[in-house]
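Structural description and commentary
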Protein chains: 2
Amino acid sequence: MEVRFEEKDFLACCGSARFAHEMASAGPFRSLTDAVSAARDIWFNMVDVNGWLEAFAAHPQIGESASSTHGKSQTSAQWSKGEQSTALATATGSILQELSEWNVQYRQKFGFIFLICASGRTSSEILAELKKRYQNRPIVEFQIAAEEQMKVTELRLAKLFSEKDRVASAGDQ
Amino acid sequence: MEVRFEEKDFLACCGSARFAHEMASAGPFRSLTDAVSAARDIWFNMVDVNGWLEAFAAHPQIGESASSTHGKSQTSAQWSKGEQSTALATATGSILQELSEWNVQYRQKFGFIFLICASGRTSSEILAELKKRYQNRPIVEFQIAAEEQMKVTELRLAKLFSEKDRVASAGDQ
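First, a word on what this report is: a plain description of the structure on this page. Each chain carries its own residue numbering, running from 1 in the written order of its sequence. As a convention, the first chain written is A and the first ligand written is 1, with the rest following in written order. A pLDDT threshold of at least 70 governs which residues receive local features in this predicted model, and a stricter bar of 80 or more applies before side-chain atom pairs are shown or counted, although totals over entire chains, interfaces and linings include all residues. The side-chain figures draw on all heavy atoms in the structure; neither hydrogens nor water molecules are used.

Quick word on the pattern of salt bridges
By definition, a salt bridge exists where a carboxyl oxygen of Asp or Glu is found within 4 Å of a side-chain nitrogen of Lys or Arg. Evaluation of the coordinates by the stated rule reveals 20 salt bridges over all chains. Between Glu141(A) and Arg133(A) there is a salt bridge, with the nearest N and O atoms lying 2.7 Å from each other. The shortest N-O distance in the salt bridge between Glu154(B) and Arg40(B) comes to 3.0 Å. Here the residue Glu154(B) occupies a position in helix H9 (residues 138-172), and Arg40(B) occupies one in helix H3 (residues 32-46), the gap between them amounting to 114 residues. On the basis of relative accessibility, which here comes to 35%, the residue Arg40(B) falls in the partly exposed class. The network of salt bridges with common partners includes Glu83(A), Arg156(A) and Lys159(A). Put simply, DSSP H or I for four residues or longer makes a helix, DSSP E for two residues or longer makes a strand, and each gets a number counted from the N terminus. Note on classification: 1.4 Å probe, protein chains only; a residue is buried when its accessible area is under 20% of the maximum for its type, exposed when over 50%, partly exposed between these limits.

Structure representation (structure tokens):
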């Protein structure tokens, strides 16, 4: 069975308009594996550096609540909250405060927010990673952020497919 | 003797405001070698990816006349014309036409203009290089453009220093 999604579905996976457009054109996909393979090709070979920055800007800051993501995709905001659930459950006030301060410093140095595939990571692991990555050269960090974005995108594509499966199974009954 | 320059001098060498600001803070420099060394460190380790894009945007398109660089540094525009003198002297109408068409394609793919240290290169060499580089992944091309920008910056820093020397020698007489 082929699964068809719309541009807005892909935009919730990765906030680059070019990415969403190319994914919608490349589909429908026979499987999640095919979709992930197309997504990797589009993200790394076709989306330009402005598109990478656009996608990064669509995320809330790590530790920031989804409600403050003005004008961003609702689906993306909800998923983001889910991905950060381990971090939020393990966060103390002082770690959240420190994360917030380091996020400001990071953004000043690199010109975009700190991006990490937060799924399953505790807040102190995330803070340690932020401090380590802060040492990088801007162009190196830019590429690491793009790799992290791809990990987030893959997780979200998997969610899209599993939701579609659930809807399809419910329809069969 | 130490040579002191202002931010606007450095901005004519490289159109990133952060670069110009950091160079003015790092100076005065005892020699061109010291200035180039500081420039490399600032450009590759401190200027972020937005600053790289800002610097790229300060250049006229290859083959474009300096008069159409609205609002850009006059010094930069004049230097750019000088750097392209070999290319312009060797250009036929059809090569200029082809360069112009490839420039459009390049910009569509990468989101910034094709940047090359044109000094001493003929127009057909530049066109061949454009076609070759067009095949690159966006992030690879972004880094090549930053290397080319640094070559242009070094040539322009040398011009700044030699002009200062000339003024200083004239003052001694």
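A short note on the interface of chain B and chain A
Here a residue-residue contact requires only that any non-hydrogen atoms of the pair lie within 4.5 Å. Each side of the interface is counted separately: chain B has 18 residues, and chain A has 18 residues. For any pair of parts, buried area is found by adding up, for both, the accessible area (1.4 Å probe) each one loses once the two are put together. Here chain B and chain A share an interface that buries about 1500 Å² over both sides, 58% of which is from carbon and sulfur atoms. Looking only at chain B, the three residues that lose the most surface to chain A are Val49(B), Pro138(B) and Ile139(B), adding up to 31% of its buried area. In this structure, the connection of chain B to chain A is made through zero salt bridges. Pairs of N or O atoms within 3.5 Å make up the polar contacts considered here, provided that, within protein, one atom can donate a hydrogen while the other can accept it, and that residues adjacent in sequence are counted only when both atoms are side-chain atoms. Summed over the shared surface of chain B and chain A, the result is six residue pairs in polar contact (both at pLDDT 80 or more). Contributions of two or more residues to the side of chain B that touches chain A are made by H3, helix H4 (49-57), helix H7 (93-110) and H9 of chain B. Here the nonpolar group is Ala, Val, Leu, Ile, Met, Phe, Trp, Tyr, Cys and Pro; Asp, Glu, Lys and Arg are the charged ones; every other residue, Gly included, is treated as polar. Split into classes, the residues belonging to the side of chain B that touches chain A amount to 11 nonpolar, four polar and three charged.

Comments concerning the relation of the copies chain B and chain A
Least-squares superposition of the copies uses the C-alpha atoms of those residues scoring a pLDDT of at least 70 in each of them. Least-squares fitting of chain B to chain A yields an RMSD of 0.0 Å, with the transformation described by 0.0 Å of translation along the axis and a rotation of 180°. Both copies of the chain, as the preceding transformation shows, are related through a two-fold rotation axis. The share of interface residues of chain B whose copies in chain A are also at the interface is 100%, consistent with both copies meeting through the same surface.

Some words on the packing of aromatic side chains
Working definition: rings of Phe, Tyr and Trp (its six-membered ring) pair if their centres are within 6.5 Å, and the pair is stacked with planes under 30 degrees apart, edge-to-face with planes over 60 apart, and tilted otherwise. One pass over the structure, following the stated rule, counts 31 aromatic pairs over all chains. Ring centres of Tyr106(A) and Phe114(A) lie 5.2 Å apart, and the angle between their planes is 75°; on these two criteria the pair is classed as edge-to-face. Here Tyr106(A) matches Phe114(A) in class, with each residue buried. Aromatic pair Phe56(B) and Phe112(B): ring centres 5.2 Å apart, planes at 55°, arrangement tilted. Of this pair, Phe56(B) sits in helix H4 while Phe112(B) sits in the loop between H7 and helix H8 (123-133), and the two are 56 residues apart along the sequence.

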